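Coordinate analysis (summary)
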Amino acid sequence: NASYTTAVSQKTDPSRIKPLVESMAECPPEVVSGDFGACDSFDVMERLAEIDVPILVFTASDDTLTPVKYGTFLAEHIGDSSIVHIADAGHLSPMEKPEEIAQAISQFVLSL
């Protein structure tokens, strides 16, 4: 199934995301289309300054669905934010690099 290829880094071992790919194959196309439509129409950029809790923003070097510039924008417009960049990962970085994500979350929580 090639539909996931834009969501992961070309450097990711396919076995890491195999369970997700298999479950995605069972998802009806109209559900996928609805999901992308909802994501595309969701825009709260004007409200980012209202966030008053610590936020951890993740970016991933090979994320073509949510490029690094969007994570940078969030970090710059949310007062109490930290940003972590995950190298050699795509949009599915929690599945691609779970150890790095878990470590970053642990460090963030411990810093609160």
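Up top is the structure these notes are about.
Here the residue numbers are simple positions, counted from 1 along each chain's written sequence. Totals for whole chains, interfaces and linings use every residue, but because this is a predicted model, local features are given only for residues with pLDDT of at least 70 and side-chain atom pairs only at 80 or more, for both listing and counting. Think of the side-chain values as coming from all heavy atoms in the structure, minus any hydrogens and water.

Helix and strand counts for the protein chain come out as five helices and two strands. Referenced to the eigenvectors of the C-alpha coordinate spread, the extents of the protein chain come out at roughly 40 × 30 × 20 Å. Burial status across the protein chain gives 22% buried among its 112 residues. Residues are treated as being in contact if the distance between any of their heavy atoms lies within 4.5 Å. Of all intrachain contacts in the protein chain linking residues separated by at least 6 positions in sequence, the fraction that spans at least 24 positions is 71%. Surface accessibility in these figures is a Shrake-Rupley result with a 1.4 Å probe; residues are shielded only by whichever protein chains are displayed. With an accessible surface of roughly 7,600 Å², the protein chain has 58% of that area assigned to carbon and sulfur atoms. When the 6 positive and 18 negative side-chain charges of the protein chain are each reduced to one mean point, those points stand 7 Å apart. Put simply, DSSP H or I for four residues or longer makes a helix, DSSP E for two residues or longer makes a strand, and each gets a number counted from the N terminus. Buried residues are those whose accessible area, probed at 1.4 Å on protein chains only, stays under 20% of the maximum for their type, while exposed residues exceed 50% and partly exposed ones sit between those limits. Under this rule, positive means Lys or Arg and negative means Asp or Glu; His and the chain ends count for nothing. Charge positions come from single atoms, namely NZ of Lys, CZ of Arg, CG of Asp or CD of Glu.

Phi at D88 takes a positive value of approximately 55°, unusual for a residue other than glycine. Along the chain, the position of D88 falls in the loop between β2 (81–86) and α4 (93–96). For D88, a relative accessible area of 33% corresponds to the partly exposed category.

Mapping E76 onto the fold places it in helix α3 (residues 68–77). A residue is classified by how much of its surface remains accessible, and E76, at 58% relative accessible area, is exposed. It is 9.8 Å that separates the C-alpha atoms of E76 and A49, two residues lying 27 residues apart in sequence.

Next up on the list: the pairing of strand β1 (residues 55–60). Here, strands pair whenever DSSP counts at least two bridges between them. Direction of pairing for β1 relative to β2: parallel, over a ladder of six bridges. In the strand pairing of β2, T59 is matched with H85. Assignment of crossover handedness uses the view with strands pointing away from the viewer, where a clockwise path from the first strand over the helix to the second indicates a right-handed crossover. In this region the chain leaves β1, passes through α3 and returns to the parallel neighbour β2; the handedness of that crossover is right-handed.

A separate point is a nonpolar patch on the surface. Together, V32, F36 and L65 line one region of the surface with nonpolar side chains, adding up to about 250 Å² of accessible area. Structurally, the position occupied by F36 is in helix α2 (residues 29–41). Here a patch means residues that are over 30% exposed by relative accessible area and free of salt bridges, tied together within 9 Å if like-charged and within 5 Å if nonpolar (Val, Leu, Ile, Met, Phe, Trp, Tyr). Criterion for a salt bridge: a side-chain nitrogen of Lys or Arg within 4 Å of a carboxyl oxygen of Asp or Glu.

Structurally, T59 can be placed in strand β1. Among all residues touching T59, those that are not within four sequence positions of it are V68, G71, T72, I83, V84, H85 and I86.

With that settled, the discussion passes to the pattern of salt bridges. For the coordinates displayed, the defined rule picks out six salt bridges. For the salt bridge of K11 with D62, the shortest nitrogen-to-oxygen distance reads 3.4 Å. With K11 in the segment before α1 (14–25) and D62 in the loop between β1 and α3, the pair connects residues that are 51 residues apart, well separated along the chain. Put simply, E100 and K97 hold a salt bridge, and the shortest N to O gap is 3.5 Å. Each of K11, D62 and D88 takes part in salt bridges that share partners, so that together they form one network.

Everything listed here is a matter of geometry and, on its own, says nothing about what the molecule does.
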